[in-house]
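Structural characterization, general
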Amino acid sequence: IENANTFGVPVVVAINRRWHDTDAELEIIRAACMEAGAARAVVANHWAEGGYGAKALAEAVVEVCEEGKGAFKLLYPDSMSIMEKLNTIATTVYGAGSVEYSDEAKAQIERYESLGFGNLPV
């Protein structure tokens, strides 16, 4: 949820109901999703009820889309160096404190950039 929100994309979480799930358990999951930043979190029972079991989920997706709050943005500009892009991904998406590169990795990155691949997405 946090990663998707980083990209400016509203998140709709499908909580898949199984036959043994209690309403209380599902509500705990739903509340945790909302607290984590989901736009909606909906219990879906499509595995047992087919399309009907996913109706509320589909309606939630439509509602979120119609709200128009999505503002997709890339994690980094193309102009960043490959190392800067990797550092951004590692720290933002994966929660790394830092990134260390071997000499071999540094040499490969330098080569890719010298060949003109530095502006490509990572």
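1. A closer look at the overall build of the protein chain
Within the protein chain, the secondary structure is distributed over six helices and two strands. In the protein chain, the succession of α and β elements from N to C terminus is α-β-α-β-α-α-α-α. Relative to a compact globule of 122 residues, whose C-alpha radius of gyration would be 14 Å, the protein chain shows 20 Å and is clearly more extended. Out of the 122 residues in the protein chain, the part that is buried amounts to 21%. By sequence separation, contacts in the protein chain at least 24 residues apart represent 61% of the contacts at least 6 residues apart. Accessible area for the protein chain stands at about 8300 Å²; split by element, carbon and sulfur atoms hold 56% of it. In the protein chain, 10 side chains carry a positive charge and 18 a negative one; their mean positions are 4 Å apart.

2. So, the nonpolar core
Listed in full, the seven residues of the largest apolar core are Val11, Val13, Ile15, Leu26, Cys33, Ala38 and Ala41. Apart from residues lying up to four places away in sequence, Ile15 is in contact with Leu26, Ile29, Arg30, Ala41, Val42, Val43 and Ala44.

3. Digging into the pairing of strand S1 (residues 12-16)
The alternating pattern of S1 places Val13 and Ile15 on a buried face, while none of Val12, Ala14 and Asn16, on the opposite face, is buried. Relative to strand S2 (residues 40-44), S1 runs parallel, the two sharing five bridges. Residue Ile15 lies in a different strand from S2, and its bridge partner there is Val43. The β-α-β motif built from S1, the intervening helix H2 (residues 23-35) and the parallel element S2 has right-handed crossover chirality.

4. Section: the packing of aromatic side chains
The geometry of two aromatic rings is summed up by the distance between their centres and the angle between their planes. Applying the stated rule across the entire model yields one aromatic pair. Pairing Phe7 with Phe72 gives two aromatic rings, centres 6.3 Å apart and planes at 10°, and the pair type is stacked. Here the residue Phe7 occupies a position in the loop between helix H1 (2-6) and S1, and Phe72 occupies one in the loop between helix H4 (55-67) and helix H5 (82-92), the gap between them amounting to 65 residues. Taking relative accessible area as the criterion, Phe72 reaches 58% and is therefore assigned exposed.

The rules we used
Residues numbered from 1 in each chain as written. Predicted model: local features only at pLDDT ≥ 70, side-chain atom pairs only at ≥ 80, totals over all residues. Heavy atoms only, no water. Helix = DSSP H or I, 4+ residues; strand = E, 2+ residues; numbered from the N terminus. Rg over C-alpha atoms; globule rule 2.2 N^0.38 Å. Buried < 20%, exposed > 50% of the residue type's maximum accessible area, 1.4 Å probe, protein only. Contact = heavy atoms within 4.5 Å. Areas by Shrake-Rupley, 256 points an atom, 1.4 Å probe, with all protein chains shown as cover. Lys, Arg positive; Asp, Glu negative; His and termini not counted. Charge placed at Lys NZ, Arg CZ, Asp CG, Glu CD. Core = buried A, V, L, I, M, F, W, Y, C linked by side-chain atoms within 4.5 Å. Pairing = 2+ DSSP bridges. Right-handed = clockwise from strand over helix to strand, strands pointing away. Phe/Tyr/Trp six-rings, centres within 6.5 Å; stacked < 30°, edge-to-face > 60°.

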